[in-house]
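Topology and contacts: notes
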Amino acid sequence: MSHTAEWKVRLHLYEDDEGTTKAHVVLDTGTTALTGEGAAHCHPADANVPEIGDELAAGRAMVDLAKQLLTTAERDIQGMGTTGPGPGTLKTASL
């Protein structure tokens, strides 16, 4: 049985009044929406390179989202009443 799906991801980057770059990512599956948050702070002694702050904040927001997605999958597997992977086995070492 073949399955195709398209999920939409929106990533918003902004800087607050204190100079912190923040990221808000939304995953829309069509039936569920998950959100992730991330932030990056420039150390006063470092050069201000906005692209690096964007990359860090976006990456952290996506890691937050990935953890939530894996937790949701684990919960769904357990809800099926089947013997699937144990708690934490869907998580990867890099997350």
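What you see is a predicted model, and the numbers here were worked out from it, not measured in a lab.

Right, let's talk about the overall build of the protein chain for a bit. A tally of regular secondary structure across the protein chain gives one helix and three strands. Ordered by position from N to C terminus, the α and β elements of the protein chain give β-β-β-α. Looking at the protein chain residue by residue over its 95 residues, the buried ones come to 19%. In the protein chain, the share of contacts with a sequence separation of at least 24, taken over all contacts with a separation of at least 6, comes to 33%.

All right, on to the sheet that holds strand E2 (residues 21–28) then. Taken together, the three strands give an open sheet; going across it, the order is E1-E2-E3, and neighbouring strands pair in antiparallel fashion. On the outer flanks of this sheet lie strand E1 (8–15) and strand E3 (33–40), each paired with one strand and no other. Averaged over neighbouring strand pairs, the angle between their axes works out to 15 degrees when direction is ignored. Judged from the eight bridges that link them, E1 and E2 form a sheet pairing that is antiparallel. Of the residues in E2, the one forming a bridge with Leu13 is Ala23.

With eight residues, the main nonpolar core is built from Ala23, Val25, Leu27, Leu34, Ala40, Ala57, Ala61 and Leu65. When contributions to this core are tallied by element, the ones reaching two or more residues are E2, E3 and helix H1 (50–79). Dropping the residues within four chain positions of it, Ala57 is found in contact with Leu13, Thr21, Lys22, Ala23, Gly38, Ala39 and Ala40.

So, on to a nonpolar patch on the surface. A cluster of nonpolar side chains, namely Leu11, Leu13 and Met62, defines an oily patch on the protein surface of about 250 Å² accessible area. With respect to the helices and strands, the residue Leu13 is situated in strand E1. Using a relative accessible area of 38% as the deciding quantity, one classes Leu13 as partly exposed.

The subject of this paragraph is the environment of Ala58. One can find Ala58 in helix H1. Sequence separation of Ala58 and Glu37 is 21 residues, and the distance between their C-alpha atoms is 8.1 Å.

So, how was this worked out
Residues numbered from 1 in each chain as written. Predicted model: local features only at pLDDT ≥ 70, side-chain atom pairs only at ≥ 80, totals over all residues. Heavy atoms only, no water. Helix = DSSP H or I, 4+ residues; strand = E, 2+ residues; numbered from the N terminus. Buried < 20%, exposed > 50% of the residue type's maximum accessible area, 1.4 Å probe, protein only. Contact = heavy atoms within 4.5 Å. Pairing = 2+ DSSP bridges. Axes fitted to C-alpha atoms, helices over the stretch in contact; angles between N-to-C directions. Core = buried A, V, L, I, M, F, W, Y, C linked by side-chain atoms within 4.5 Å. Patch = residues over 30% accessible without salt bridge, like charges linked within 9 Å, V, L, I, M, F, W, Y side chains within 5 Å. Areas by Shrake-Rupley, 256 points an atom, 1.4 Å probe, with all protein chains shown as cover. Salt bridge = Lys/Arg side-chain N within 4 Å of Asp/Glu carboxyl O.

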